[in-house]
Amino acid sequence: RSTEALFTRIEERNFEIISSRFQEEAARLERDKASSDRRPTLDAFVSVMKGNSETITSIKDENRVGLQLSVPLYTHGAIGASVAQADANYRKAQAQTRAVMMRLRSEALSANGSLESLAIRVAASDRAAEASAITLRAQQQSLKAGVASRAEVAQATQELLSVRRQQIQVRRDFAAAWLKLQQIVSGFDEAALDQIEARLAMR
């Protein structure tokens, strides 16, 4: 998979980066709220007054529509400190998100590199196992023809068993590397599961 595609999957699926971004967004909203507390506010209002003609005939119905400006008088004390603290918290959350993303990218590159290297080893071990199996069959045929000895057949059998053990081990290493990469990405899709199953299947 390409590096950019790998990074994109991490950003979309990794629970750690999702949580970090959620905390960053919460800190941003808190900073914006704190900042709005020290800004003047302009509010519209409507006032309706009903006159009482039974007592004073000069009082009439009155309707008012207007704007009300509210200006905080103490912006450099507690409110200013609150805004500064909220801004510091937001910047800290941003830095933590970047740090998490950089660490995950580094771990993903390392795990992906190991996976690609092990995939080559898996293919090589498969070819070695096939070659050893062919050699064993040839020795067995030679034994029947009276050309090879039982010792040669036993040696070919031992070599095949040794190659098979190496084949199993490299497949286990591949599975471990794949699981590590998936842990970083935090996604186990069907295509990836089919890939690992195919790699682990003994031929």
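Not measured: the values here are computed from a predicted model.

Conventions used here
Residues numbered from 1 in each chain as written. Predicted model: local features only at pLDDT ≥ 70, side-chain atom pairs only at ≥ 80, totals over all residues. Heavy atoms only, no water. Buried < 20%, exposed > 50% of the residue type's maximum accessible area, 1.4 Å probe, protein only. Helix = DSSP H or I, 4+ residues; strand = E, 2+ residues; numbered from the N terminus. Arc of directions from axis to C-beta. pLDDT = per-residue confidence, 0-100. Salt bridge = Lys/Arg side-chain N within 4 Å of Asp/Glu carboxyl O. Core = buried A, V, L, I, M, F, W, Y, C linked by side-chain atoms within 4.5 Å. Contact = heavy atoms within 4.5 Å.

**With respect to helix α1 (residues 3-13)**
Alright, step 1. Listed in full, the buried residues belonging to α1 are L6, F7, R9 and I10. Take α1 and look down its axis: the buried residues cluster within an arc of 160°, on one side only. The exposed set on the far side of α1, more than 90 degrees from its buried face, consists of E4 and E12.

**Re the confidence of the model for the protein**
Alright, step 1. Residues of the protein with pLDDT of at least 70 account for 69%, and the chain-wide mean is 79.
Alright, step 2. The least confident element of the protein, judged by mean pLDDT, is strand β1 (residues 41-49) at 54; the most confident is helix α4 (residues 150-185) at 91.

**Section: the pattern of salt bridges**
Alright, step 1. If you walk through the whole model with that rule in mind, you get ten salt bridges.
Alright, step 2. For R103, the salt bridge goes to E16, with nearest N and O atoms at 2.3 Å. Pair noted here: R103 is in helix α3 (residues 78-145) and E16 is in helix α2 (residues 15-36), with a separation of 87 residues, a long-range link.
Alright, step 3. Classification of R103 by relative accessible area gives partly exposed; the value is 34%.
Alright, step 4. Within the structure, one salt-bridge network assembled from shared partners comprises E25, R28, R31, D32, D87 and R91.

**Regarding the nonpolar core**
Side chains that are nonpolar tend, in soluble globular proteins, to be buried together.
Alright, step 1. Formed by 20 residues in total, the largest nonpolar core has its most connected members in I10, L104, A108, L115, F174, L181 and I184.
Alright, step 2. In terms of residues, this core owes the most to one element, α3, which gives nine residues.
Alright, step 3. With sequence-adjacent residues up to four places away left out, I10 is seen in contact with I17, M101, L104, A108, I184 and V185.
Alright, step 4. In terms of nonpolar packing, the next biggest core, distinct from the first, is built from five residues, L136, V153, A156 and L160 among them.

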